[in-house]
Amino acid sequence: MKRVLLPMMLLLMVVIMSACGQEQTTGAGSEPSPSSESGGAEKKVIVLGTSADYAPYEFHKSINGKDTIVGFDIEIAKAIAADMGAELKIEDMDFDGLLMALSTDKVDFVISGLTPTEERKKNVDFTDIYYYAEQAVLVRADEGESIASLDNLSGKQVGVQKSSIQEGIAQDIQGAKLTSLAKIPELILELQTGRVDALILEKPVAQQYVKNQEGLVVANVKIEQAEDEGGSAIAVKKGNQELVDQINSTLEKLKTGGDIERFVVEANEMLGE
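Residues numbered from 1 in each chain as written. Predicted model: local features only at pLDDT ≥ 70, side-chain atom pairs only at ≥ 80, totals over all residues. Heavy atoms only, no water.

Undergrad: Help me understand the nonpolar core, please; the structure alone is not making it clear to me.
TA: General note: in soluble globular proteins, nonpolar side chains tend to be found buried as a group. Ranked by internal contacts, the top residues of the largest apolar core, which has 48 residues, are Phe72, Ile76, Phe109, Ile111, Tyr130, Leu138 and Ile234. At eight residues, the largest contribution of residues to this core is made by helix 2 (residues 72–84). If near-sequence neighbours (up to four positions away) are discounted, Ile76 is found in contact with Ile111, Tyr130, Ile234, Leu251, Leu254, Ile260 and Phe263. Val139, Val158, Ile173 and Ala198 belong to the second largest nonpolar core, which has 16 residues in total. (Core = buried A, V, L, I, M, F, W, Y, C linked by side-chain atoms within 4.5 Å. Buried < 20%, exposed > 50% of the residue type's maximum accessible area, 1.4 Å probe, protein only. Helix = DSSP H or I, 4+ residues; strand = E, 2+ residues; numbered from the N terminus. Contact = heavy atoms within 4.5 Å.)

Undergrad: What am I meant to see in the pairing of strand 10 (residues 177–181) here?
TA: Of the strand pairs in this sheet, strand 9 (residues 157–161) and strand 10 are connected by five bridges, and their pairing is parallel. Pairing of Gln157 across the sheet is with Lys177, part of strand 10. In this fold, strand 9 hands off to helix 5 (residues 165–171), which returns the chain to strand 10; that crossover is right-handed. (Pairing = 2+ DSSP bridges. Right-handed = clockwise from strand over helix to strand, strands pointing away.)

Undergrad: Explain the packing of helix 2 against helix 9 (residues 241–256) to me, please; I cannot follow it from the model alone.
TA: To describe two helices that pack against each other, one gives the angle between their axes and the distance between the axes. One can describe the packing of helix 2 onto helix 9 by two numbers: an axis separation of 10 Å at closest approach and a directional angle of 115°. Between helix 2 and helix 9 lies a crossing of right-handed hand. Two secondary-structure elements touch here, helix 2 through Ile76, Ala79, Ile80, Asp83 and Met84 and helix 9 through Leu243, Gln246, Ile247, Thr250, Leu251, Lys253 and Leu254. Class assignment of the residues belonging to the contact of helix 2 with helix 9 gives a composition of eight nonpolar, two polar and two charged. (Axes fitted to C-alpha atoms, helices over the stretch in contact; angles between N-to-C directions. Left-handed = near helix turned anticlockwise from the far one by under 90°. Nonpolar A, V, L, I, M, F, W, Y, C, P; charged D, E, K, R; others polar.)

As structure tokens, this is what we get:
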């Protein structure tokens, strides 16, 4: 009889201890963890794709000793993220890789002085246009008076950013020879060293290089463009209408309040500091 009762008593003690252990564990786990507390959830992150070599749209600047991407496009991106209650992450890459990064979900949206051409619309969706800018021809100072129209660039070496709207403009100049590079500073160096004769850039960008680099001028050339070919818009992945609508709402607010004009002025002032 003792051989039967002893194992039964031991089994009963194990069950009681196990139950106590479960109750203790449950009690500890019932306290909310930091991530489950109200407001403790991780903030949503939205990723911007840009090519930060296009002042005053987006460019690098040392702020308090730290390399920082700034510009009026970046201020627009910050406003979009704020309206979404999201943290903004910036991915800086070559201009000609931006739309591929968007299509492969490496970035959520692209702001980079991007013109919504019909060709690009086949692969990505665009928001409303948020800024219009003229195109310009940038040359060395000693060549300024000799370039009065795009026809004067026939037979000359013309530098443009790869996959840009300016590349398309240059391709239509009969007899022009193209140098297409990924980064604007590379093109500026090509112009300064005489390896190209002229660059085609958006006018605000060309004007900034004239202001900050000696020996360059904007030629007196008028480049005609249709209104829908000259503006900048924000690109999102094809089919993401919800994001397009969210961004358009922010853009409308910024345009109505005069904020985009203010962002442009502030970006130009930062360049002059």
